[in-house]
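# Inside the fold
Letter by letter, the chains look like this.
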Number of protein chains: 2
Amino acid sequence: MSGEFSFIARHFRPLAGRESLDLRDDCALISCPPGQELAISTDTMVENVHFLPDDPPETLGRKLLRCNLSDIAAMGAAPYAYTLNVTIPRGPRHNDTWFSAFVAGLSEDQAQYGVTLLGGDTTSTSGPLVLSATVFGRLSKGTALRRNGAKAGDSLWVTGTIGDAALGLLTLQGKISDPSGFLADRYRLPQPRTGLALNGIVHAAMDISDGLIQDCQHIAEESEVAIDLQTEAVPASPAAKTLGPAWLEQRLTGGDDYELLLACPPEHEHSLARICREAGVPVTRIGSLRSGRGVRALNRDGQVIQFLKGGWQHF
Amino acid sequence: MSGEFSFIARHFRPLAGRESLDLRDDCALISCPPGQELAISTDTMVENVHFLPDDPPETLGRKLLRCNLSDIAAMGAAPYAYTLNVTIPRGPRHNDTWFSAFVAGLSEDQAQYGVTLLGGDTTSTSGPLVLSATVFGRLSKGTALRRNGAKAGDSLWVTGTIGDAALGLLTLQGKISDPSGFLADRYRLPQPRTGLALNGIVHAAMDISDGLIQDCQHIAEESEVAIDLQTEAVPASPAAKTLGPAWLEQRLTGGDDYELLLACPPEHEHSLARICREAGVPVTRIGSLRSGRGVRALNRDGQVIQFLKGGWQHF
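Reading the values: the criteria
- Residues numbered from 1 in each chain as written.
- Chains lettered and ligands numbered in written order.
- Predicted model: local features only at pLDDT ≥ 70, side-chain atom pairs only at ≥ 80, totals over all residues.
- Heavy atoms only, no water.
- Helix = DSSP H or I, 4+ residues; strand = E, 2+ residues; numbered from the N terminus.
- Rg over C-alpha atoms; globule rule 2.2 N^0.38 Å.
- Buried < 20%, exposed > 50% of the residue type's maximum accessible area, 1.4 Å probe, protein only.
- Contact = heavy atoms within 4.5 Å.
- Areas by Shrake-Rupley, 256 points an atom, 1.4 Å probe, with all protein chains shown as cover.
- Lys, Arg positive; Asp, Glu negative; His and termini not counted.
- Charge placed at Lys NZ, Arg CZ, Asp CG, Glu CD.
- Pairing = 2+ DSSP bridges.
- Axes fitted to C-alpha atoms, helices over the stretch in contact; angles between N-to-C directions.
- Least-squares fit on C-alpha atoms with pLDDT ≥ 70 in both.
- Domains from an automatic or database assignment.
- Salt bridge = Lys/Arg side-chain N within 4 Å of Asp/Glu carboxyl O.
- Polar contact = N/O pair within 3.5 Å; in protein donor to acceptor, adjacent residues only side chain to side chain.
- Nonpolar A, V, L, I, M, F, W, Y, C, P; charged D, E, K, R; others polar.
- UniProt positions renumbered as here; feature names shortened; annotations may be inferred.
- Buried area = accessible area lost by both parts, 1.4 Å probe.
- Expected span 1.5 Å × (residues − 1).
- Phe/Tyr/Trp six-rings, centres within 6.5 Å; stacked < 30°, edge-to-face > 60°.
- Lys NZ or Arg CZ within 6 Å of the ring centre and 35° of its normal.

This brings us to the overall build of chain A. A count of helices and strands for chain A gives nine helices and 11 strands. Here the C-alpha radius of gyration of chain A, 20 Å, is about what a compact globule of 315 residues would show, namely 20 Å. Expressed along its principal axes, the backbone C-alpha trace of chain A runs to roughly 70 × 50 × 35 Å. Relative to its full complement of 315 residues, chain A shows a buried share of 61%. Of all intrachain contacts in chain A linking residues separated by at least 6 positions in sequence, the fraction that spans at least 24 positions is 84%. Accessible area of chain A: about 11,800 Å², with a carbon and sulfur share of 51%. Of the charged side chains in chain A, 28 are positive and 36 negative; the average position of the first set lies 2 Å away from that of the second.

Our next topic: the sheet that holds strand β5 (residues 130-140) of chain B. Sheet architecture is open: five strands sit in the order β1(A)-β2(B)-β5(B)-β3(B)-β4(B), paired in mixed fashion. Unpaired on one side and paired on the other, β1 (28-30) of chain A together with β4 (116-125) of chain B mark the two borders of the sheet. Recorded for the sheet is a direction-independent mean angle of 20 degrees between the axes of neighbouring strands. As paired elements, β1 of chain A and strand β2 (residues 36-46) of chain B share three bridges and run antiparallel to each other. Its bridge partner being in β2 of chain B, Leu29 of chain A is matched across the sheet by Ala39 of chain B.

Looking now at the relation of the copies chain B and chain A. Structural alignment of chain B on chain A gives an RMSD of 0.0 Å, achieved by rotating through 180 degrees and translating 0.0 Å along the axis. In short, the pair behaves as if placed about a two-fold rotation axis. Proximity to the rotation axis, assessed at the C-alpha, singles out Gly127 of chain B in chain B; its C-alpha lies 1.9 Å from the axis.

This brings us to the domain arrangement of chain A. A common way to state how big an interface is: give the accessible area lost once the parts meet. Residues and elements named next belong to chain A. Split into domains, chain A comes out as domain 1 (3-140) and domain 2 (155-298). Of note, the centres of domain 1 and domain 2, computed from C-alpha atoms alone, are 26 Å apart. Facing 20 residues of domain 1, the contacting portion of domain 2 comprises 17 residues. Between Asp55 and Arg188 there is a salt bridge; the shortest N-O distance is 3.0 Å. At the junction of domain 1 and domain 2, the tally comes to six residue pairs in polar contact (both at pLDDT 80 or more). Per element, the largest residue contribution to the side of domain 1 that touches domain 2 is 10 residues, and it comes from helix α2 (residues 57-74). Here the residues of the side of domain 1 that touches domain 2 are counted per class, giving 11 nonpolar, four polar and five charged.

Another aspect to go through is the UniProt feature "binding site: Mg(2+) 5" (unreviewed entry) in chain A. The feature "binding site: Mg(2+) 5" (unreviewed entry), as annotated in UniProt, sits at Asp210 of chain A in this numbering. Along the chain, Asp210 of chain A falls in the loop between β7 (204-207) and α6 (212-223).

With that settled, the discussion passes to the interface of chain B and chain A. Contact with chain B, which involves 67 residues of that partner, is made by 67 residues of chain A. Buried area between chain B and chain A, both sides added, is near 5,300 Å², and the carbon and sulfur share of it is 57%. In this structure, Asp25 of chain B and Arg147 of chain A form a salt bridge, with 3.8 Å as the shortest nitrogen-oxygen distance. If you look at where chain B meets chain A, you find 19 residue pairs in polar contact (both at pLDDT 80 or more). The leading source of residues in the side of chain B that touches chain A is β2 of chain B, at 10 residues.

The next thing to look at is the pairing of β5 of chain B. Residue and element names in this part refer to chain B. With nine of its 11 residues buried, β5 lies for the most part within the structure. By the bridge criterion, 11 bridges tie β2 to β5 in an arrangement that is antiparallel. Note that in β5 the partner of Thr44 across the bridge is Ser132. Of the strand pairs in this sheet, strand β3 (residues 78-89) and β5 are connected by nine bridges, and their pairing is antiparallel. Note on β5: the bridge partner recorded for Thr87 is Val130.

Assignment of secondary structure puts Thr231 of chain A in the loop between β8 (226-230) and α7 (238-243). Ignoring sequence-local partners within four residues, the contact set of Thr231 of chain A consists of Leu248, Leu252, Ala297, Leu298, Asn299 and Ile305 of chain A.

With that settled, the discussion passes to helix α3 (residues 96-113) of chain B. Every α-helical turn comprises 3.6 residues, leaving residues that sit three or four positions apart pointing alike. All names here are of chain B. Taking 1.5 Å as the rise per residue, α3 with 18 residues should run 26 Å; its terminal C-alpha atoms sit 25 Å apart, in good agreement. Restricting attention to buried positions, one finds in α3 the residues Trp98, Phe99, Ala101, Phe102, Val103, Gly105, Leu106, Asp109, Gln110 and Tyr113. The backbone nitrogen of Thr97 lies 3.2 Å from a side-chain oxygen of the residue at the head of α3, namely Asn95.

Turning next to the sheet that holds strand β2 (residues 36-46) of chain A. Judged by pairing direction, the sheet is mixed, and its five strands sit side by side in the order β4(A)-β3(A)-β5(A)-β2(A)-β1(B) without closing on themselves. The sheet terminates laterally at β4 (116-125) of chain A together with β1 (28-30) of chain B, the two strands that pair on one side only. The sheet shows a mean angle of 20 degrees between the axes of neighbouring strands, taken without regard to direction. Against the sheet, α2 of chain A contacts β2, β3 (78-89) and β5 (130-140) of chain A, and its axis sits at roughly 140 degrees relative to β2 of chain A. Helix α3 (residues 96-113) of chain A rests against β3, β4 and β5 of chain A of the sheet, and its axis sits at about 170 degrees to β3 of chain A.

Further remarks concern the packing of aromatic side chains. Applying the stated criterion across every chain yields a total of 13 aromatic pairs over all chains. With centroids separated by 4.9 Å and ring planes inclined at 75 degrees, the aromatic side chains of Trp98 of chain A and Phe99 of chain A adopt a geometry described as edge-to-face. Members of the aromatic cluster, each reached through a chain of ring pairs, are Phe7, Phe12, Trp98, Phe99 and Phe102 of chain A. Just above the ring of Tyr80 of chain A sits the side chain of Arg138 of chain A; from NZ or CZ to the centre is 3.9 Å. Lying over the aromatic face of Tyr187 of chain B, Lys63 of chain B brings its terminal NZ or CZ to 3.7 Å of the ring centre.

Attention now goes to the UniProt feature "binding site: Mg(2+) 4" (unreviewed entry) in chain A. According to UniProt, the positions carrying the feature "binding site: Mg(2+) 4" (unreviewed entry) are Asp26, Ser41 and Asp71 of chain A. In summary, the annotated positions, distributed over 46 residues, remain apart in three dimensions as well, the widest C-alpha pair reaching 27.4 Å. Position of Asp26 of chain A among the secondary structure elements: in the loop between α1 (3-11) and β1. Setting aside its immediate chain neighbours within four residues, Asp26 of chain A contacts Ser41, Asp71, Ala74, Met75, Arg147, Ala205, Met206 and Asp207 of chain B. As for its placement among the helices and strands, Asp71 of chain A is situated in helix α2. In contact with Asp71 of chain A, not counting residues within four places along its chain, are Ser41, Asp43 and Asp207 of chain A together with Asp26 and Cys27 of chain B.

So, in structure tokens, the structure goes:
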């Protein structure tokens with residue numbers, strides 16, 4: 001057995017599910033139960049852009065998986081499986097030890113989220129590490145949560161706390177201090193909000209990956225509504241609170257939170273709160289939707305705040 | 001609309017099918033007709049490894065699509081859709097003109113193979129261009145062509161001609177001459193053998209991407225049979241013949257042909273020949289399968305030929 005094939009057998013075959021055909025054939029084969037459909041999300045992460053060279057290898061595949069699982073969650077689908085493309089810098093750093101750690105992280109998340117590897121490709125590069133994953137979820141046909149279903153009169157909600165990942169990146173860059181390590185963890189390992197049965201409850205959903213303000217703009221544009229965001233209501237973690245109000249813009253425009261942004265009609269607010277409470281997921285009302293266009297970020301006094309930066313641009 | 005989103009709208013939305021939700025949501029949504037399953041293949045191509053910096057941008061996405069479509073064809077599935085991840089070197093080279101050409105090539109192949117874009121991701125890198133695609137095909141449940149079904153007594157066949165792509169790479173590297181440009185085209189633009197209804201006809205199939213000898217080894221290993229390859233029967237293109245017999249090893253061990261390698265039982269040889277003839281695809285018998293293990297490359301006199309190089313190693 002030659003180098004590449006034994007490498008795949010050693011590291012990746014243990015991750016592979018039945019549908020992968022043991023990574024021994026030209027394709028994986030999956031089926032979709034009657035009445036269901038597949039939600040598909042794909043993301044790429046590049047060293048020095050989406051993660052740092054000294055991030056632990058255990059976290060890299062997990063972060064990639066979780067970013068995609070967050071998209072799956074945003075559609076109201078249940079995690080199912082994924083493919084993985086790894087483009088490895090030549091040189092000694094990405095050796096068997098590195099891959100063992102990388103795969104151990106993936107293995108942990110496979111167990112946590114109930115997904116298996118379908119297939120993949122490994123290639124080499126003279127440049128930085130590039131990781132791509134395509135993740136599949138399953139859901140009942142016609143029940144997908146979309147970005148374009150929000151309506152005037154809905155209220156706006158987020159899960160979890162907002163801005164931790166952006167602050168976490170700043171701590172890793174040495175620009176701010178967080179002795180707890182909480183913020184850095186939030187940057188390295190998002191918590192996709194899978195498992196919330198919000199289909200039929202909320203009018204619109206998306207995950208917050210480009211920054212809260214910009215993602216509000218996406219909902220507003222796709223649903224053709226206006227959003228009033230009550231900035232003081234946007235939940236902050238204790239670690240973010242410690243840093244004080246000067247970081248508000250960073251928190252609201254920074255990316256990588258991977259929390260859910262939801263538009264909920266008044267009659268379902270109680271159900272939304274109950275479902276999240278039962279799942280142990282904090283959910284907070286942060287604004288309201290009305291006729292019109294655009295997003296207004298309002299302070300405690302109802303005045304519009306202007307931010308310099310709209311959100312994260314990928315390139 | 002900010003930079004990334006208008007970029008996607010401008011270049012990629014025209015490629016997107018209905019299931020992509022117009023590239024406006026967190027996921028694509030696909031369904032699978034009752035009685036069918038999905039074949040999934042994913043591949044990555046890296047500049048300077050899988051293509052050359054001065055390859056025309058029109059050909060890059062097409063080559064990536066076609067390599068994957070070749071895997072889809074090898075399972076006996078019909079092309080359906082794909083996702084695309086583009087990691088772009090920073091700098092002026094990959095500008096709007098470059099992307100227009102890149103997308104024009106994809107658009108042409110979408111029409112030719114009947115696939116549409118489901119979704120994707122664009123990221124930037126300090127390294128070379130990296131392209132990944134995950135391609136979906138559909139087939140009737142339980143009819144997939146596998147690598148592990150070959151049996152002693154089957155004959156071994158290939159579509160098309162073998163070794164052109166490896167020779168084409170050498171012409172592009174200036175190591176050999178081919179004034180016709182045929183060999184370089186074969187390197188740049190493989191012809192995936194989609195549309196052959198070989199399910200139920202052949203016992204095993206795979207596409208030749210790592211080199212004929214190595215791919216014979218895959219069939220032999222997975223099917224637990226021995227293969228005798230009649231090297232003089234392996235079809236050569238006129239351009240390859242012009243170069244003479246000195247290039248035999250290169251032709252049999254070089255990668256990137258993307259022809260089909262088939263194991264056919266005696267009773268279906270006529271059907272195989274007829275199906276290929278009707279599709280206008282040349283098919284040639286190049287060997288036989290017997291009990292045992294391993295692959296023997298035999299010359300005209302039935303003597304075993306030893307090659308120095310087993311086939312293409314990806315990294």
